[in-house]
Protein chains: 2
Amino acid sequence: MPKRNQQPELASKLSDKGIRLTKQRRILIDLIESANQHLHPSDLLYQAREKGVKLDRTTVYRTLTMLKELGLVEELDLLHLNGHEHYYEIRHDRGHIHIGCISCGKILELHTDCLSDLCDEIRQKTGFIIKTVRTEVAAVCPDCQRKT
Amino acid sequence: MPKRNQQPELASKLSDKGIRLTKQRRILIDLIESANQHLHPSDLLYQAREKGVKLDRTTVYRTLTMLKELGLVEELDLLHLNGHEHYYEIRHDRGHIHIGCISCGKILELHTDCLSDLCDEIRQKTGFIIKTVRTEVAAVCPDCQRKT
DNA sequence: TGATAGTTGCAACAAATTTGCAAGTTGATC
DNA sequence: GATCAACTTGCAAATTTGTTGCAACTATCA
């Protein structure tokens, strides 16, 4: 769950890069920025249409691809806890991981410094230059532990 | 890349659970256990057919789903560096991560202890009981760094 | 306001995965 | 080893997810 009420930065980042702000792109980045849960392409399509904006699946996919290539959003699979859909969220600088409950499907975000240790280790051991780290955890949440 | 020449344990784990060992399942788990790279469903299908076993895509998917539900294999997307295929590997106990080069597509595995620190942190902060931790890293490998 | 280069929607395609069901197989039992 | 019920498989068709080509449209800048 990306944080609510973030500054709407994506729009200005896009126009800074000379990318046109069409109404389709505006609604999509608005939805992504204000989402309180992770969204997949179909969510975005239906939510945008609910708000009265006409757009097509193709545009959703193209916009997400563009945002991903610009490094502004990240694509997650959330361990395929609910089928094979892909989810999108604003890309944050601080490392955070996703923990999904395999019983109820709830997704929790956690900020941690472990990831930067991991990055250091990778750099030293392999010489790879790291662009993105994605950590996803399958687990059972306290609520579901009690129920069983 | 799962390690070569592991003990063929999957077959006995399956029959212990009362699951029938058909020739289709035998060849599939054999391929997964002896693979030296990550396999996707089509790889498995063609490799099994090369060995003279008749089987259908459907059976590959059904078998992989079963193995995944039993916690015997893991499904990876390897950051979609090569399209949207999913890959499968034997589930290991020791933590290891996948590092993919976004330039040449090469996948490297790395064993690390950072993940157990992370697990401790998650347990303490959230109370979740962890079942699987999956870390995938997008990076640029040393070879590709030189080329640019 | 007009020009133009970038965007969109549509239709068709492609790839990945799933489902229903009849026919075939496994493994326990005799 | 033969029998049989329950489990599995293969096939065909459908579904879901994502992509492509192209004509029509539109945001932006002079």
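**Describing the protein's contact with DNA strand C**
Logical step 1: In the region of DNA strand C, 22 residues are neighbours, and A:Thr22, A:Lys54, A:Thr59, B:Arg57 and B:His86 sit closest.
Logical step 2: Near-protein atoms of DNA strand C (within 4 Å) split between backbone and bases, with sugar and phosphate holding 57%.
Logical step 3: The backbone of A:Lys54 places a nitrogen or oxygen atom 2.7 Å from a phosphate oxygen of DNA strand C.
Logical step 4: Measuring from a base oxygen of DNA strand C, one finds a side-chain N or O atom of B:Arg20 at 3.0 Å.
Logical step 5: Listed by contribution, the elements that provide at least two residues to the surface near DNA strand C are α2 (23–34) and α4 (57–69) of chain A together with α4 (57–69) of chain B.
Logical step 6: In terms of residue class, the surface near DNA strand C is built from 5 nonpolar, 7 polar and 10 charged.

**Here's the deal with the interface of chain A and chain B**
Logical step 1: On the side of chain B, 39 residues touch chain A, which itself brings 39 residues to the contact.
Logical step 2: Between chain A and chain B lies a buried interface of about 3300 Å² when both sides are counted; carbon and sulfur atoms form 66% of it.
Logical step 3: Our count for the contact surface shared by chain A and chain B stands at 3 salt bridges.
Logical step 4: As a salt-bridge pair, A:Arg134 and B:Glu136 come within 3.5 Å of each other at their nearest N and O atoms.
Logical step 5: The interface formed by chain A and chain B holds 21 residue pairs in polar contact (both at pLDDT 80 or more) in total.
Logical step 6: With 12 residues, strand β5 (residues 129–140) of chain A is the largest single contributor of residues to the side of chain A that touches chain B.
Logical step 7: As judged from the 11 bridges shared by β5(A) and strand β5 (residues 129–140) of chain B, these two strands associate in the antiparallel manner. Counted as the bridge partner of A:Val137 is B:Val133 from β5(B).

**Digging into the protein's contact with DNA strand D**
Logical step 1: Looking at DNA strand D, there are 21 residues lining it, with A:Tyr61, B:Thr22, B:Lys54, B:Thr59 and B:Arg62 nearest.
Logical step 2: Between DNA strand D and the protein, one listed contact pairs a phosphate oxygen with a backbone N or O atom of A:Leu21 at 3.2 Å.
Logical step 3: Where the surface near DNA strand D is concerned, the elements lending two or more residues are α4 of chain A together with α2 (23–34) and α4 of chain B.
Logical step 4: Split by residue class, the surface near DNA strand D holds 4 nonpolar, 7 polar and 10 charged.

**Here we look at the layout of surface pockets**
Logical step 1: Here the largest pocket is characterised by a volume of approximately 610 Å³.
Logical step 2: Taken together, 26 residues make up the lining of the largest pocket; nearest its centre are A:Leu79, A:His80, B:Lys68, B:Glu69 and B:Glu75.
Logical step 3: Of all the secondary structure elements, the ones that give two or more residues to the lining of the largest pocket are α3 (41–50), α4, β1 (73–76) and β5 of chain B.
Logical step 4: Looking at side-chain class alone, the lining of the largest pocket contains 9 nonpolar, 9 polar and 8 charged residues.
Logical step 5: As a volume, the second largest pocket reaches approximately 520 Å³.
Logical step 6: Counting only elements with at least two residues in the lining of the second largest pocket, the list comes to α4, β1 (73–76) and β5 of chain A.
Logical step 7: Of the residues in the lining of the second largest pocket, the class split is 8 nonpolar, 7 polar and 7 charged.

**Concerning the state of the cysteines**
Logical step 1: The full count for this structure, using the stated rule, is 0 disulfides over all chains.
Logical step 2: Lacking any disulfide linkage, B:Cys141 is separated from the closest cysteine sulfur, that of B:Cys144, by 3.6 Å.

**Concerning the domain arrangement of chain A**
Accessible area lost on assembly of the parts is the figure often given for the size of an interface.
All names here are of chain A.
Logical step 1: By domain assignment, chain A separates into domain 1 (1–91) and domain 2 (94–148).
Logical step 2: If you average the C-alpha positions of domain 1 and of domain 2, the two centres end up 22 Å apart.
Logical step 3: Domain 1 puts 13 residues into the contact, and the matching count from domain 2 is 15 residues.
Logical step 4: Between domain 1 and domain 2 the total buried area reaches about 1100 Å² when both faces are included, carbon and sulfur atoms providing 55% of it.
Logical step 5: Linking domain 1 with domain 2 are 1 salt bridge.
Logical step 6: The residue Arg134 makes a salt bridge to Asp77 at a minimum N-O spacing of 3.6 Å.
Logical step 7: Scanning the region where domain 1 abuts domain 2 turns up 8 residue pairs in polar contact (both at pLDDT 80 or more).
Logical step 8: Here the element with the most residues in the side of domain 1 that touches domain 2 is β1; it accounts for 3 residues.
Logical step 9: Its residues assigned to classes, the side of domain 1 that touches domain 2 comprises 6 nonpolar, 1 polar and 6 charged.

About the cut-offs
Residues numbered from 1 in each chain as written. Chains lettered and ligands numbered in written order. Predicted model: local features only at pLDDT ≥ 70, side-chain atom pairs only at ≥ 80, totals over all residues. Heavy atoms only, no water. Near = heavy atom within 4 Å. Polar contact = N/O pair within 3.5 Å; in protein donor to acceptor, adjacent residues only side chain to side chain. Helix = DSSP H or I, 4+ residues; strand = E, 2+ residues; numbered from the N terminus. Nonpolar A, V, L, I, M, F, W, Y, C, P; charged D, E, K, R; others polar. Contact = heavy atoms within 4.5 Å. Buried area = accessible area lost by both parts, 1.4 Å probe. Salt bridge = Lys/Arg side-chain N within 4 Å of Asp/Glu carboxyl O. Pairing = 2+ DSSP bridges. 1 Å grid on protein atoms, 1.4 Å probe; cavity = no way out; pocket = protein on both sides within 12 Å on 5 of 7 lines; lining within 4 Å. Points joined across faces, edges and corners; volume = space filled by probe spheres on them. Disulfide = S-S within 2.5 Å. Domains from an automatic or database assignment.

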